[in-house]
Amino acid sequence: MSAKVMPFAPQATMEMPILVVEDVVKRFDTPEGPLTAVDHMSFSVREGEFVSIIGPSGCGKSTLFSVLGGLVGGYEGKVTIEGQPIAGPHPAIGMVFQEDSTFPWRSVLDNVAFPLEIQGMSRADRYARARHFIAMVGLEGFEKRFPAELSGGMRQRVSIARTLAFQPKILLMDEPFGALDEQTRLLLGDKVLQIQQQLRQTMLLITHSISEAVQLSDRIVVMTYRPGRVKRIIDIDLPRPRSIDVVSSEAFGRYVAAIWSDLRDEASRGMNDAEARQRSSS
Amino acid sequence: MTDASLITSSRRLLSPVAALRIGIVAAVLGTWEIVAASGLLFRDVVPSLPAIGKALGQLLIDPVYYANLGVTVGELLGALAVGGGLGLAVGMVLGANAYLGKAFEEFLYYLGPTPKIIFFPVMLLWFGVDTGSKVAMGALSCFFPIAVSALSGMRQVDGVLIRVGRSFRASTWQMVTKIYLPAMRHPIVNGLRLGLGVAIIGTLLAETKMSNQGLGFLIIQTYTTFNMPRMYALLITLFLLAIGLNALIAWFSGGGAARKS
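Every value quoted in this text rests on a predicted model; they were computed, and no experiment measured them. (Residues numbered from 1 in each chain as written. Chains lettered and ligands numbered in written order. Predicted model: local features only at pLDDT ≥ 70, side-chain atom pairs only at ≥ 80, totals over all residues.)

> Hey, could you go over the overall build of chain B for me, with residue numbers and the actual values?
Tallying secondary structure elements over chain B gives 12 helices and 0 strands in all. For chain B, whose C-alpha radius of gyration is 23 Å, the value lies well above the compact-globule estimate of 18 Å for 261 residues. Considering only C-alpha atoms, chain B reaches an extent of 70 × 70 × 30 Å along its principal axes. Expressed as a percentage of its 261 residues, the buried residues of chain B come to 33%. Residue pairs in contact within chain B that sit at least 24 positions apart in sequence constitute 76% of those at least 6 positions apart. (Helix = DSSP H or I, 4+ residues; strand = E, 2+ residues; numbered from the N terminus. Rg over C-alpha atoms; globule rule 2.2 N^0.38 Å. Buried ≥ 20, exposed ≤ 12 C-beta atoms within 10 Å, placed from the backbone. Contact = placed C-beta atoms within 7 Å.)

Following this line, the structure appears as structure tokens:
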């Protein structure tokens, strides 16, 4: 019975793209006129791959996240999953949000079982599957606790377990550890890496942390600051399976330096822009 | 050691707040009894406490009282169900839909504080002189505070929780029952408490105006027959009923509140 609820991840086939983003443009109307958040972005993610999208604050990363998750429409271009264009939230995509998104009135177990409850799975089955993913993120023994009794890092792990329980083909994460301290980030990043390797889960991570992106990714898409375009796509040729020790290797440092040289101009443009806005508003 | 434990136990028995509360109640009752005994006012306007106590005792073994209590409680529950259900639905729709919210929100704020008793003749025409018009008055009264609470509660629901529900492809019904309503539990309970208060006012007022059953009717009956001890006894039971219902609502929300924080 337990074997039935265990997820069987498909063998990673590194050739076929599972997610294709083609020429996506997303504009917003603002009081100062139209703002292009995402400008002709194209990239693809292959099955089993870990791709990070990195860019300075305000580069449209989170907009892209909402577009891929099907939460916003009204964009140009095409997003396809296994050749099928998306219209609204797609069952193949599971989202993990930047903010604390646990339901405060639900226990850890009921939080993680939530997507299964939505699908109409029986109580026994959904609890069995929820327990499996709670253990996977290392929260065994906390099933009966409520979010208010957990730390921020634990709550984000609950969110990750909840989205894993949805068993999406692609796990889409928007700075899931953005609000956490650096050491917790590093350890949780490693946890994600272990889970990714165990499930051969296709993952797409949106982040502004260079070291996090290098630690986890097979490929990194570097974005420009406003309008958000693809500046460069970098293959991260670090050995797999990867452990937390990778962060102290020499190759790791070289990748971080290379990405920083790409991002420096974008980040300082973003900072100057933000300061100019501050000045004009005061 | 015994001294210390005595002090702590006496502290626990009588905190300054509890002492003040008991003191005020004792002072009110004492004043009441003095006025009653002094004969300054007409004897029956301020009956002595033993007389009220006796009337209360008689009331509590009177089947007529329970029949009328049942009518009033039934009307109140009906009013809360109708007015609360409609208020919740209207508040949630206006909170969820910016366009409708903009169009109708002001009506809630303007109509909310108007005295509902002026609609009583209309309710009598529509729903008859029996319990129907009383339920309608109670429902009309509690609709507004519950709708306003639901509307603001709807807007306070954390946006990310809504996005989580959508990303897991929850249906509209699932969004309402599994995300919006639990997330809004505290404002809804607050609205219910406010609504209960005004529903009691609306229902009882209607009963005192025109009816032949219910607690409001009994109170007016004792007033017209000048049976003051029985009238005060009825008022006491009415207070206890209001407090009890309020405590019941608080208890319902308490389970969730304790878990949440």
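On we go from here.
> Can you tell me about the interface of chain A and chain B, naming the residues and giving the values?
Each side of the interface is counted separately: chain A has 17 residues, and chain B has 15 residues. If you tally residues by element for the side of chain A that touches chain B, the top one is helix 4 (residues 114-118) of chain A, at 3 residues. Of the residues in the side of chain A that touches chain B, the class split is 14 nonpolar, 2 polar and 1 charged. (Nonpolar A, V, L, I, M, F, W, Y, C, P; charged D, E, K, R; others polar.)

> Can you break down unusual backbone geometry residue by residue, with the values?
Residue and element names in this part refer to chain A. The omega torsion across R226 and P227 is -5°, close enough to zero to call that bond cis. For P227, the location among the structural elements is in the loop between strand 9 (219-223) and strand 10 (230-235). Across the junction of R240 and P241, the peptide omega takes the value -5°, indicating a cis bond. Among the structural elements, P241 can be located in the loop between strand 10 and helix 9 (250-281). Not every positive phi belongs to a glycine, and Q167 is a case in point at roughly 50°. Tracing the sequence through the fold places Q167 in the loop between helix 6 (152-165) and strand 7 (170-174). Looking at Q167, the number of C-beta atoms within 10 Å reads 20, which means it is buried. A positive phi angle, close to 30°, is found at R226, a residue other than glycine.

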